[in-house]
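# Descriptive structure summary
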Amino acid sequence: MKTITIPSREIPVRAEVDVLVVGGGPSGIMAAEAASAPGVKVMLIESRGYLGGNLTIGLPILSFLDRKGKPIIQGMPQNLIDRLRAQNAATPHRPCDLHVSHTMIDCEKVKTIALEIMEEKGVEVLMYVFVSNVIMDGDRIKGVVIESKEGTQVILAKTVIDCTGDGDVAFHAGAICEKGSKEDGGMQPPTLMFCMKGVNVAELRENVADHPEIFDIDIMKNEYFRPDKNFIIVGFRDMINKARAAGLKIAVDRTILITGLAKDEIWVNMSRVCGVDSTSPSSYTHGEIEARRQNEQIAEYLKRFIPGFENAWVEKVASFMGIRESRRVIGKYVLTENDILTCRRFPDAVLVASYPVDMHHPKGGDCTLRYCDESYDIPYGCFVPQKIEGLLVAGRCASTTHEAMASTRVMSTCMAMGQAVGTAARLCTLHNILPSEVNTDELRKALIKDGAYLGE
């Protein structure tokens, strides 16, 4: 690649804070809230013009409950749901054989309530900025370099929390990162969600409940669809085959439909662009373009082949693709698929999770799920990168294997991760210590005090 030399220059320091959270998605919101306390200066920066990340693209929140129906994601994540429900902007947690549980939310209300929480907690929010580099002192991160329409600036911080999803801060700091499977580096493909209105949801529900011989459904029992409640459909493989025979190009092997909060609203989770790397702008751009092409065919398929969609239309498309996998930061502990499937417990656990290992195949259009019997722990070491001091990570870039990340990537788990690392960063400030020096017994006590569930 051709290069040029840029003259050295002084870069202005925009802010100096105790805790800097980079990324305002599900984990970042919780991290900033948990880090805040009297005497702790917290800042949250975000590249988009709103907070919420994947909470804003039409996805349900999966697995607030464990496989026995017990609430295991509590504390600050549950507080967000409670605030949404108070405004009729979220459903109750509904048990689900396929996804353990699901909770539908109002995408736009999330943006508003997230900002309200930040204001209440005294968190300074700065949007429309990208992290392009980091400030290091040996192996310790001291801050980040940001780019915006104001140019290049620096934010200094005693503790930095990487909630970018892609592990951008950790990568720039020189942390050990991995992508994809060990075999060929293949990553789970992303999806561009879209919403259809004018759907006769009752007709759809009744057909699925009453005609299992026609409408094949993955795992779910037909009785799940009989109540007039929110639901997720995963299946209709035969219908996709019929659509393909009729000339439609459908990249995924299963139909995934999610009820919205409006009575005629369905969110569609079906585009699949294999080979997309969200850390590469050209690859990500290709993904967005191709997903829009796919969504045209998917909408036509639904209108022609699925009951209830005959008079439906595409109301809106998510503002960005939902990325399932990119960088994973290697931490003091690497969570494995075996840890999940054996329901492993850890003495330094900082959250409990229960979502299955949900692997959307890097090649082809199918998916496989593998379940633990109840729930599993995630230890603090998964959020402390190896070899880099002053840094914590949370979200899908946390320290796991490729297979384990297929479970930990869901939003409920990422929100609980955010509360855990934000609490750890708060303790770092109050005790003037590094994340690697946090006493996990004290951290666990602080999390429990703030309502988190860490097992019985």
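Above this text you will find the structure in question.
Residues numbered from 1 in each chain as written. Predicted model: local features only at pLDDT ≥ 70, side-chain atom pairs only at ≥ 80, totals over all residues. Heavy atoms only, no water.

Time to look at the packing of aromatic side chains. Aromatic ring pairs: the centre-centre distance and the angle between the two ring planes describe each pair. By the definition in use, this model includes five aromatic pairs. Ring centres 5.4 Å apart and planes at 55° place the aromatic pair Phe215 and Phe236 in the tilted group. With a gap of 21 residues between them, Phe215 in the loop between helix 5 (201-210) and strand 12 (232-235) and Phe236 in the loop between strand 12 and helix 6 (237-245) connect regions that are remote in the sequence. A single burial state applies to Phe215 and to Phe236, both of which are buried. Ring plane angle 75° and centroid distance 5.7 Å describe the contact between Phe225 and Phe231, whose orientation is recorded as edge-to-face. (Phe/Tyr/Trp six-rings, centres within 6.5 Å; stacked < 30°, edge-to-face > 60°. Helix = DSSP H or I, 4+ residues; strand = E, 2+ residues; numbered from the N terminus. Buried < 20%, exposed > 50% of the residue type's maximum accessible area, 1.4 Å probe, protein only.)

Attention shifts here to the side chain of Asp162. Inspection of the secondary structure puts Asp162 in strand 9 (residues 151-162). We note that Asp162 is buried and unpaired, the nearest opposite charge coming from Arg327 at a distance of 7.0 Å. Reaching out from Asp162, the side chain makes a polar contact with the backbone nitrogen of Val169 at a distance of 3.0 Å. Those residues in contact with Asp162 that lie beyond four places of it in its chain are Val22, Gly167, Asp168, Val169, Ala170, Leu391, Leu392, Val393, Ala394 and Cys397. (Lys, Arg positive; Asp, Glu negative; His and termini not counted. Salt bridge = Lys/Arg side-chain N within 4 Å of Asp/Glu carboxyl O. Polar contact = N/O pair within 3.5 Å; in protein donor to acceptor, adjacent residues only side chain to side chain. Contact = heavy atoms within 4.5 Å.)

Take the side chain of Arg327 next. Relative to the assigned elements, Arg327 resides in strand 16 (residues 327-329). On the accessibility criterion, Arg327 (8% relative accessible area) is buried. A distance of 2.9 Å separates a polar side-chain atom of Arg327 from the backbone oxygen of Asp166. Separated by 2.9 Å, the side chains of Arg327 and Asp168 make a polar contact. Arg327 has contacts with Gly165, Asp166, Gly167, Asp168, Phe171, Cys177, Glu178, Lys179, Thr279, Arg396 and Cys397, leaving out every residue within four places of it along the chain.

Before going further, it helps to spend a moment on the packing of helix 1 (residues 26-35) against helix 10 (residues 411-431). The contact between helix 1 and helix 10 brings their axes to 7 Å, and the two run at 30°. Classified by the interaxial angle, the pair formed by helix 1 and helix 10 is roughly parallel. At the point where helix 1 passes helix 10, the crossing takes the right-handed sense. Counting all contacts with helix 1, which are made through Pro26, Ser27, Met30, Ala31, Ala34 and Ala35, the residues of helix 10 involved are Met411, Cys414, Met415, Gly418, Gln419, Val421, Gly422, Thr423 and Arg426. The residue inventory of the contact of helix 1 with helix 10, partitioned by class, reads nine nonpolar, five polar and one charged. (Axes fitted to C-alpha atoms, helices over the stretch in contact; angles between N-to-C directions. Parallel < 35°, antiparallel > 145°, perpendicular 65-115°, else oblique. Left-handed = near helix turned anticlockwise from the far one by under 90°. Nonpolar A, V, L, I, M, F, W, Y, C, P; charged D, E, K, R; others polar.)

In this section: the pairing of strand 8 (residues 140-148). Sheet topology places strand 7 (residues 130-137) next to strand 8; seven bridges connect them, and they run antiparallel. Opposite Asn133, over in strand 8, you have Val145 as the bridge partner. In textbook terms, the turn of a hairpin is the stretch between consecutive antiparallel strands, and for strand 7 and strand 8 this stretch comprises two residues, one of which, Gly138, has a positive phi near 65°. Pairing of strand 8 with strand 9, which is carried by six bridges, proceeds in the antiparallel orientation. Bridge pairing links Gly143 to Leu156 in strand 9. Hairpin geometry of strand 8 and strand 9 is characterised by an intervening segment of two residues between the two adjacent antiparallel strands. (Pairing = 2+ DSSP bridges.)

Okay, the sheet that holds strand 15 (residues 313-317) next. Whether parallel or antiparallel, the strands of a sheet pair through hydrogen bonds between backbone atoms. The strand order across the open sheet built from five strands is 12-13-14-11-15, with neighbouring strands paired in antiparallel fashion. Each of the sheet's edge strands pairs with one partner strand only, and the pair in question is strand 12 and strand 15. On average, each strand axis in the sheet is inclined to that of its neighbour by 25°, with strand direction left out of account. Two elements, strand 11 (residues 194-197) and strand 15, share four bridges in a ladder whose sense is antiparallel. Across the sheet, residue Lys197 finds its bridge partner in strand 15, namely Trp313.

Now for the environment of Ile232. Mapped onto the elements of the fold, Ile232 is located in strand 12. For the pair Ile232 and Ser280, spaced 48 residues apart in sequence, the C-alpha to C-alpha distance is 32 Å. Ignoring anything within four residues of it in the chain, the contact list for Ile232 reads Pro60, Leu62, His99, His102, Met104, Tyr224, Phe225, Leu257 and Ile258.

Overall, the coordinates contain 28 salt bridges when judged by the stated rule. Across the pair Asp18 and Lys158 runs a salt bridge, and its minimum N-O distance is 3.1 Å. Separated by 140 residues along the polypeptide, Asp18 in strand 1 (residues 13-22) and Lys158 in strand 9 bring together distant segments of the chain. Classification of Asp18 by relative accessible area gives buried; the value is 10%. Overall, the relative accessible area of 46% leaves Lys158 in the partly exposed class. Between Arg426 and Asp450 there is a salt bridge, with its nearest N and O atoms 3.4 Å apart. Here Arg426, found in helix 10, pairs with Asp450, found in the segment after helix 11 (440-449); they are 24 residues apart in sequence, far enough to count as distant. Within this structure, Asp218, Arg237, Arg254 and Asp366 form a network of salt bridges that share partners.

This part takes up the environment of Leu257. With respect to the helices and strands, the residue Leu257 is situated in strand 13 (residues 255-259). Each C-alpha atom, one on Leu257 and one on Val234, is 6.7 Å from the other, the two residues being 23 residues apart in sequence. When near neighbours in sequence (up to four residues on either side) are disregarded, Leu257 contacts Leu204, Phe231, Ile232, Ile233, Phe236, Ile266, Trp267, Val268, Leu302 and Phe309.

The biggest cluster of nonpolar side chains holds 71 residues, and the ones touching the most others in it are Leu55, Leu84, Ile161, Ile378 and Phe383. Residue contributions to this core peak at 10 residues, all from helix 10. Ignoring anything within four residues of it in the chain, the contact list for Leu55 reads Pro26, Ile29, Ile61, Leu80, Ile105, Cys107, Val110, Met411 and Met415. Core analysis: the next-biggest nonpolar cluster, separate from the first, contains 57 residues, Ile57, Met239, Val252 and Leu302 among them. (Core = buried A, V, L, I, M, F, W, Y, C linked by side-chain atoms within 4.5 Å.)

Attention shifts here to the packing of helix 2 (residues 75-86) against helix 10. Close contact between helix 2 and helix 10 brings their axes to 7 Å; oriented N to C, the two are set at 125°. One finds that helix 2 runs oblique with respect to helix 10. Every residue of helix 10 that contacts helix 2 at Gly75, Met76, Pro77 and Leu80 is listed here: Met415, Ala416 and Gln419. When grouped by side-chain class, the residues that make up the contact of helix 2 with helix 10 number five nonpolar, two polar and no charged.

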